[in-house]
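Each chain is listed here by its residues.
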Amino acid sequence: MENIALKSIGINKYFSDSVKFQALKNISFEISKGEFVSIMGKSGCGKSTLLYILSTMDTDYEGKLEINGIEVTGKTQNELAYIRNSTIGFVFQFHYLLPDFTCLKNVMIPALKLGKYSYDEVESKAYEKLKMLGVEEQALKQASKLSGGQQQRIAIARALINDPAIIMGDEPTGNLDSKNTSIVFDILQNLSKEFGQTIVTVTHDDDFAHRSDRIIQMADGEITTGHH
Amino acid sequence: MRFNVNTEIALTYLSSRKKQTLVAAMGVTFGISMFIFLQSLMKGTNDYFEKSSFSSIPHIRIYNDNKVADFHLLNGYFKDSSVKILDNPKQLQQYQGLINPYGLVKEISKQPDVVAVTPQVTVNAFYNSGSVQLNGIVNGVDILAEDRMFDLTGYMLQGEVRNLLKVDNGIIIGKGIADKLSLHMYDNISITSATGGSKVMRIVGIYATTIKQIDETKSYVNISQAQSLLGKDRSYVTDIKVNIKEYNNAPSRARDLEAITGYKAEDWVQSNAQLKAAFKIRAVILNSVIGVILLVAGFGIYNILNMTIYEKIKEIAILKATGFPGKAVTSIFLQQAIYIGLLGAFTGIIIGFFITLMVSRIYIGAGSLKYLPMSFYIPHYIEAVTFGVLTTIAAGYFPARKAAKVDPVIIIRG
């Protein structure tokens, strides 16, 4: 039980734009700590919807969600914000860096928010992460001046700054060429193998998915293979 | 200096779009400088009008009010509690002066808050020169006390107030009287009182106020001359004029003096209700103008912050995704509003001060008023900054709340 990073119990999700539509149907699965999991499926199968529920950003669902053995369903927005800040790191298809800030600041901001370390400690940690991702020379440039691959690596550094237990990716390589895709994959794999961080990504990329530890296949709001 | 992370983000947003920040701040600057300018002009004007009003009227005037017959004598006669009705009561014939006036003056000057007390004999009289006769009021005064109270020296056109001490039958007349009777310094003027007394006086001074009516009627003589003009003795005094420290307290101090002297004590508010009304009306006009200016400045900030939030909606979503709670996002945008407000307030008080300074040098030249009356009053500046910052907070609050409510899922998923 203590080895479970993420557990969903009977999650149902409905959209009700004009007609009520069930996007997720009774989703239950577990992801162990240190596991590298890819969620795959056709467009509209509900994989991104599931990821945003797992990320605690979407709270409009039925069922139960546990992170590191703690039930997060029903917590207040402020509590969830703290959980995201301290235990979850995000990498999106688009980098979503803040263009007015330097790369270094972009990486530092979540840690400054967490307030666990002093400003100087956060700065040196941020440099460490940038170095690990091979983009330390870009640290003092504006985020908007970098190439796509570099921006994505800065975004990963930002996701890592608080040493989150879980890293979530929404097509983190969706916007990258094959070379950069492979670099990003290696980084993620390394995090899971060496640092024991749990990685959950939604992806369309078969190569990427097949190199990960496990593939959860989804279709029409249900998990077809890969429960465990 | 290390700022809190919210503050740092707020400052970065402001500094990365300097032009917008400056435009927003300029709105506040304009509002605050106008606030200061208008407040200074109004206070200056009010002070001027107060000063000029109190140059002819004392804060409190004590006199023997005419009494109408009542039934207290009947009560004394019948010694019962029956209701008496006095049909067609008449004014009582009585001594017009105050009894023991110098004793009263002494007593009043011992009172707290009282800064000046002076007795006066008022004579309704005619000024005669040749065949022309002019109706007017002769004030028998202690000229030095009168000068201290009303700053007569400031209104003198010719001669000086001290001349009255040197020339016993001297008279200081208004410019209107001099013009109408074609009189000059050291000419003689004949005065006839309403009771028939007559005297020839020597003009030792001519004054001019801004009020034509006063210049055409009022003159000053030594108190003993006024007494003899009326054929009264040296103890005859009709009015005691009192100035106190704070003229706004006049109504309550007047009640006290009434209790002490037993005579009617009239405060300036009673005798000049229009003055008080004018102050109030000016305050209403001014406050509405300032309100509108600040409202416009507030809308400027509201607009700019709203636009910023619209542009930055993805960044807000990502901040929320990385763990910034709603109140942190509110704080980021509210802080931007506050910094815009402070920047605008700071430049506003400087510009407001200079506008006030410039305007105070505009020549007007009407009557005794040479320059536009402006006051430099520190509380105006404090008020301006307070109102300015409060307006920006109010204007920033709603966009900031909106930013806090951004749903990151909707924005990030597109």
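Within every chain, residues take consecutive numbers counted from 1 along the sequence as written. Ligands are numbered from 1 and chains lettered from A, in the order in which they are written. In view of the model being predicted, local features appear only for residues whose pLDDT reaches at least 70, and side-chain atom pairs are presented and counted only at 80 or more, with totals across whole chains, interfaces and linings using the full set of residues.

**Let's talk about the overall build of chain B**
Threshold: Helix numbering and strand numbering both begin at the N terminus, where a helix is a DSSP run of H or I of at least 4 residues and a strand a DSSP run of E of at least 2. Each residue is classified by how many other C-beta atoms fall within 10 Å of its C-beta atom, where C-beta atoms are placed from the backbone; a count of 20 or more means buried, 12 or fewer means exposed, and values in between mean partly exposed. For every residue pair, C-beta atoms are placed from the backbone, and the pair is scored as a contact if these atoms sit within 7 Å.
A count of helical and extended segments in chain B gives 16 helices and twelve strands. Its C-alpha atoms give chain B principal-axis dimensions of about 105 × 65 × 40 Å. Residue burial in chain B is summarised as follows: out of 414 residues, 40% are buried. Once local pairs closer than 6 in sequence are excluded, the contacts in chain B between residues at least 24 apart make up 79%.

**Digging into the overall build of chain A**
So the rule is basically this: Here the radius of gyration uses the C-alpha set of atoms, whereas the globule reference equals 2.2 Å times the residue count to the power 0.38.
Counting secondary structure elements, chain A contains seven helices and ten strands. Relative to the 2.2 N^0.38 estimate, which gives 17 Å for 228 residues, the radius of gyration of chain A is 17 Å and therefore close to what a compact globule would have. When the 228 residues of chain A are sorted by exposure, 48% land in the buried category. Residue pairs at least 24 apart in sequence account for 70% of intrachain contacts in chain A once pairs closer than 6 positions are excluded.

**Section: the environment of B:Ser182**
Take B:Ser182: it is sitting in the loop between α7 (175–181) and β6 (188–193). A C-alpha to C-alpha distance of 29 Å links B:Ser182 and B:Gly231, two positions 49 residues apart in sequence.

**Considerations on the interface of chain A and chain B**
Formally: Three classes are used: nonpolar for Ala, Val, Leu, Ile, Met, Phe, Trp, Tyr, Cys and Pro, charged for Asp, Glu, Lys and Arg, and polar for all others, with Gly counted as polar.
Listed by partner, the interface residues are 21 residues for chain A and 18 residues for chain B. Going through the elements one at a time, α1 (47–54), α2 (77–87) and α3 (103–114) of chain A are the ones with two or more residues in the side of chain A that touches chain B. Tallying contributions element by element places α2(A) first for the side of chain A that touches chain B, with six residues. Classifying every residue of the side of chain A that touches chain B gives 13 nonpolar, four polar and four charged.

**Some words on the sheet that holds strand β1 (residues 4–16) of chain A**
All names here are of chain A. Where we set the bar: Should DSSP find at least two bridges between two strands, the strands are taken to pair.
The four strands are arranged β2-β1-β4-β5 in an open sheet whose pairing can be described as antiparallel. The sheet is open, and its two borders are formed by β2 (20–32) and β5 (70–71), each paired with just one other strand. In this sheet, strand β4 (residues 62–67) lies alongside β1 in antiparallel orientation, the contact comprising five bridges. Paired with Leu-6 across the bridge in β4 is Ile-67.

**Notes on the sheet that holds strand β7 (residues 166–170) of chain A**
Residues and elements named next belong to chain A. For clarity, the cut-off: The axes are straight lines fitted to the C-alpha atoms, using for helices just the contacting stretch, and the angles between their N-to-C directions are given from 0 to 180°.
The strand order across the open sheet formed by six strands is β6-β7-β8-β3-β9-β10, and the pairing between neighbours is mixed. One side of each edge strand has no neighbouring strand; the edge strands of this open sheet are β6 (88–91) and β10 (222–225). This sheet shows a mean twist of 25° between the axes of neighbouring strands, independent of strand direction. The sheet contact formed by strand β9 (residues 214–219) and β10 spans three bridges and is antiparallel. Counterpart to Met-218 in the pairing with β10 is Ile-223.

**As for the packing of helix α12 (residues 273–311) of chain B against helix α14 (residues 326–359) of chain B**
Two quantities define a packed helix pair, namely the angle between the axes and the distance from one axis to the other. All names here are of chain B. Our working definition: For any helix crossing, the convention is left-handed if the near helix is rotated counterclockwise from the far helix by under a right angle, and right-handed if that rotation is clockwise.
Closest axis-to-axis distance for the α12/α14 pair is 11 Å, and the angle between their directions is 145°. For the pair α12 and α14, the crossing hand works out as right-handed. Counted together, Ile-301, Leu-305 and Ile-309 of α12 and Phe-333, Gln-336, Ala-337 and Ile-340 of α14 form the full contact between these two elements. Classifying every residue of the contact of α12 with α14 by side-chain character gives six nonpolar, one polar and no charged.

**Here we look at unusual backbone geometry**
Residues and elements named next belong to chain A. Of note, Glu-171 is a non-glycine position whose phi angle comes to about 50°, a positive value. Here Glu-171 shows up in the loop between β7 and α6 (178–195). In this structure Glu-171 comes out as buried when scored by C-beta crowding, with 20 C-beta atoms within 10 Å. A positive phi is found at Asp-220, a non-glycine position, where the angle reads about 50°. Locating Asp-220 in the fold gives a position in the loop between β9 and β10.

**Things to note about the packing of helix α2 (residues 18–53) of chain B against α12(B)**
Residue and element names in this part refer to chain B. How we decide: Each angle is binned into one of four classes, with values under 35 degrees roughly parallel, values over 145 roughly antiparallel, values of 65 to 115 roughly perpendicular, and all other values oblique.
Following both chains from N to C, one finds α2 and α12 inclined at 175°, their axes separated by 8 Å at the closest point. Classified by the angle their axes make, α2 and α12 are roughly antiparallel. Across the interface between the two elements, Gln-20, Ala-24, Gly-27, Val-28, Phe-30, Gly-31, Met-34, Phe-35, Leu-38, Met-42, Asn-46 and Ser-53 from α2 touch Leu-275, Phe-279, Arg-282, Leu-286, Val-289, Ile-290, Ile-293, Leu-294, Ala-297, Gly-300, Ile-301 and Ile-304 from α12. Residues of the contact of α2 with α12, tallied by class, amount to 17 nonpolar, six polar and one charged.

**What about the environment of A:Ala155?**
All names here are of chain A. Along the polypeptide, Ala-155 turns up in helix α5 (residues 148–160). Of the residues examined, Ala-155 has 27 C-beta atoms within 10 Å and is grouped as buried. Each C-alpha atom of the pair Ala-155 and His-95 lies 5.6 Å from the other, and the pair is 60 residues apart in sequence. For Ala-155, the residues in contact, after removing those within four places along its chain, are Val-91, His-95, Tyr-96 and Leu-97.

**A look at the confidence of the model for chain A**
We apply this condition: pLDDT is a residue-level measure of predictor confidence that goes from 0 to 100.
For chain A, the average pLDDT comes to 86, and 98% of its residues sit at 70 or higher. Here β10(A) stands out as the least confident element of chain A, with mean pLDDT 82; strand β8 (residues 198–202) of chain A is the most confident, with 91.

**Remarks on the pairing of β6(A)**
Residues and elements named next belong to chain A. Because side chains alternate across β6, one face comprises the buried residues Ile-88 and Phe-90, and the other comprises Gly-89 and Val-91, equally buried. Relative to β7, β6 runs parallel, the two sharing four bridges. Bridge pairing in β7 places Ile-88 opposite Ile-166.

**Quick look at the environment of B:Asp142**
All names here are of chain B. Among the structural elements, Asp-142 can be located in the loop between β3 (132–141) and α5 (143–150). Accessibility expressed as a C-beta count within 10 Å gives 18 for Asp-142, which makes it partly exposed. As a C-alpha pair, Asp-142 and Arg-17 span 125 residues in sequence and 70 Å in three-dimensional space. The contact partners of Asp-142, leaving out residues within four places of it in the chain, are Thr-118, Pro-119 and Ile-223.

**Details of the confidence of the model for chain B**
Taken over all residues, the pLDDT of chain B has a mean of 86, while the share at 70 or more is 99%. Scored as a whole, the predicted complex attains pTM 0.73, and scored at its interfaces, ipTM 0.87.

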